[in-house]
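# Architecture at a glance
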Amino acid sequence: MKHKLLTVMMVLMLVLSTLALAACGEQSSYEGLDVVLDDGAVKVGGEKLPLDKLIAGEVASLEVGKNGAERILITLKNEQHEEVKPYLQDVDNLVLTVVAGGNYRFSGTASDTQIAVDAPGAEVQLLLDGLTLQCATAPAIMVYNAADPQTAGQYGVTISTAEGSVNSIWGSHAAATAQDAVKHDGAISANVSLGFGGSGRLELAGDKEGIEVKFGHLTFDGGEYQITAMDDPIGASEDGVAVITFNNGEVLAFVDALAEEGDGVDSNGYIVVNGGTLIAKACPHSADSGLDADMGISINGGTVLALGNMYDNISEGSLQPFMALQLAEHSGRLLAVTADEAALLAAEVPAEYGYVVLSSPFISEGEYELYDAESVSGVEYAGLYTEISSFEKGEQLGWSGSFGMKQPVPGAQPEGGEPPVKPDGEAPRKDLFGIGNINGIEITADGVVRIAEEAAEKLIQIFEGLTMTVDRTVDEIMEIDSIEELEDFFNEVTTGLYLPQSWLDANLLPPGMGPQGWLDHGGTNEPVPEPLPPVVVLQGSFSLSAEQNTFANVQPLPEGASDAADMQQPGEGAGDTQPDGPPATQIK
């Protein structure tokens, strides 16, 4: 019996030994350097490092790794820039700097720790495999130098997530130093192009920005990302050059509700979406965009939901249809895009947001309806619904507007005709804002502007309500006396901001008219019917043809209306007629 028991124990030991060797073999099968973090301890290649000597100051640094291949330099660094909070000024960060090209796998948990890359000209791959990393006084991952192809969509440094892994990173920001003359705001920050890939998950948070590339390009090729920040969650800063490309993966980027500002994705160059899923949410209470790019935005594939309170133009050359919706009434919505009574796509839009961008392979050429749905069932990711199995319609949204078709305006001169004049010959005058929004601004036919005190106050109220800075006082606005000065004032306040014509139509000018337009049409004293409130504006691929304007206003259908064509259009009434326009949901 004892012999049999001993035999069983030996077999168990052999099995356990085999399993251990298998696990060890799996660990060592990684073709690179393994780094395991455990607060207060670091193992590199299975070897525990003598960090106590480093902490005690007996040695200045430790260099570990393979001969001539993957190597890491380990040091301590205290961040002393002025934005370090007093209670963090004595914190020494453990800095693990990759100094040679190759593959590095990081796992484990560590606080007050930074992973850095300073390997000039070398290609580096960082694999995150169950890593929890926190750095309260500097970026948690900092890339100083490495290879950079300097071509959009290409990169020399890759940050990947291992299959099935969940990784968590929290980082801060750092001032410029002698080592690096660039100020870094991202929890992950790089001076060279950066790529993200893999098939695991990364949860990233930053006390300023999330992922930031200072010079070069940023590319997402795979993985799942949840990025939250107190400013831009995703950004690339090189003016006129940077390209942020989304090829694959699921990316959720949103600005914290306590932040003061921030775009969802911000590029000083371009944004290109080719595939994957991108959900970008700007600061909910500032004039920022879900997608913001100085040089242009293209959507060629994938699924996109972008929310903000401003809108950057998306290229009409985009290969995939898209919607750009303006919600003038911030009431919180569940927008559903439907065709033939079936919902194809839906999105939760919190009441704080006024602009929505939607694009998906589910939306192609054709005609669609929009509903403020009661409920939706389907595959949901961060408020975006696809593969919808059922939905309750709720309130249908109709359209008003012309998609660029010229609409008659009461009192407008016929083509080739002369401006109308009063019977007594007096130059006609028109209250420019006599559409129920602002009264007290007049423009005469010879271009003289008169602004009453209450109108000047209303202008300031409107612009400041959109978080724009108005540097003129009420008295100074009242001194404006020409159309040129009025336009200069508008340009001065809205510099660098995109105000769609629909917004101007609703808030400042009669439909489709600028100040000069009123003169061109001769002005009139006839009453102008109040325009319907622009609840939603469709832009982009929803145009009839490339030659036509792409704006249209969408709003709830009036009671009893069978479809959007039953809605009154701006300019209708007073015996005037207009050409029948297409439904706003017809896609180019």
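So, here's what we can say about the structure. Every value quoted in this text rests on a predicted model; they were computed, and no experiment measured them.

### Some thoughts on the overall build of the protein chain
The helix and strand inventory of the protein chain stands at seven helices and 38 strands. Within the protein chain, buried positions represent 52% of all 588 residues. Put simply, 63% of the contacts in the protein chain that link residues at least 6 apart link residues at least 24 apart. For the protein chain, the computed accessible surface area is about 25900 Å², with 50% contributed by carbon and sulfur atoms.

### Digging into the pattern of salt bridges
Under the definition given, this model contains 10 salt bridges. Here Lys77 ties to Glu79 by a salt bridge, and the two come within 3.8 Å at their closest N and O atoms. On the basis of relative accessibility, which here comes to 24%, the residue Lys77 falls in the partly exposed class. Salt bridges sharing partners connect three or more residues here, namely Asp34, Arg105 and Asp129.

### Some points on the packing of aromatic side chains
Under the definition given, this model contains six aromatic pairs. Where Phe220 meets Phe246, the ring centres are 5.2 Å apart and the plane angle is 5°; that geometry is what we call stacked. Here Phe246 lies in strand 19 (residues 243–255) and Phe220 lies in strand 17 (residues 218–229), a separation of 26 residues in the sequence. In terms of burial, Phe220 and Phe246 fall into one category: buried. Each member of the aromatic cluster is reached from another via a ring pair, and the members are Phe196, Phe220, Tyr225 and Phe246.

### Some words on the sheet that holds strand 13 (residues 186–190)
With mixed pairing, the 10 strands of this open sheet are ordered in space as 4-5-6-8-10-13-16-18-20-23. Edge positions in the open sheet fall to strand 4 (62–65) and strand 23 (291–293), since each of these has one partner strand only. When strand polarity is set aside, the average angle formed by the axes of neighbouring strands in this sheet is 15°. As defined by bridge partners, strand 4 adjoins strand 5 (residues 71–77) across four bridges and the pair is classed as antiparallel. Of the residues in strand 5, the one forming a bridge with Val64 is Ile72.

### Remarks on the side chain of Lys281
With respect to the element layout, Lys281 can be found in strand 22 (residues 277–281). One buried charge, Lys281, has no salt-bridge partner; the nearest side chain with opposite charge is Glu348, at 6.5 Å. Filtering out sequence-adjacent residues up to four positions away, Lys281 remains in contact with Ala253, Phe254, Val255, Gly264, Leu307, Tyr353 and Ala382.

### Examining the side chain of Thr97
Note on placement: Thr97 falls in strand 6 (residues 93–98). With sequence-adjacent residues up to four places away left out, Thr97 is seen in contact with Arg71, Ile72, Leu73, Ala116 and Asp118.

### What to know about the environment of Leu486
Of note, Leu486 is situated in helix 5 (residues 483–493). With relative accessibility at 0%, the residue Leu486 sits in the buried group.

### Quick look at unusual backbone geometry
Its identity is not glycine, yet Glu341 carries a phi of approximately 70°, on the positive side. Tracing the backbone shows Glu341 in the loop between strand 27 (333–339) and strand 28 (342–349). Look at Glu341 and you get exposed, because its relative accessible area is 55%. Positive phi, close to 55°, is recorded for Ala382, a residue that is not glycine.

### Section: the pairing of strand 5
For a regular strand, side chains alternate in direction, first toward one face of the sheet and then toward the other. The pairing of strand 5 with strand 6 spans six bridges and is antiparallel. Within strand 6, the position partnered with Ile72 by the bridge is Val98.

Rules and cut-offs
- Residues numbered from 1 in each chain as written.
- Predicted model: local features only at pLDDT ≥ 70, side-chain atom pairs only at ≥ 80, totals over all residues.
- Heavy atoms only, no water.
- Helix = DSSP H or I, 4+ residues; strand = E, 2+ residues; numbered from the N terminus.
- Buried < 20%, exposed > 50% of the residue type's maximum accessible area, 1.4 Å probe, protein only.
- Contact = heavy atoms within 4.5 Å.
- Areas by Shrake-Rupley, 256 points an atom, 1.4 Å probe, with all protein chains shown as cover.
- Salt bridge = Lys/Arg side-chain N within 4 Å of Asp/Glu carboxyl O.
- Phe/Tyr/Trp six-rings, centres within 6.5 Å; stacked < 30°, edge-to-face > 60°.
- Pairing = 2+ DSSP bridges.
- Axes fitted to C-alpha atoms, helices over the stretch in contact; angles between N-to-C directions.
- Lys, Arg positive; Asp, Glu negative; His and termini not counted.

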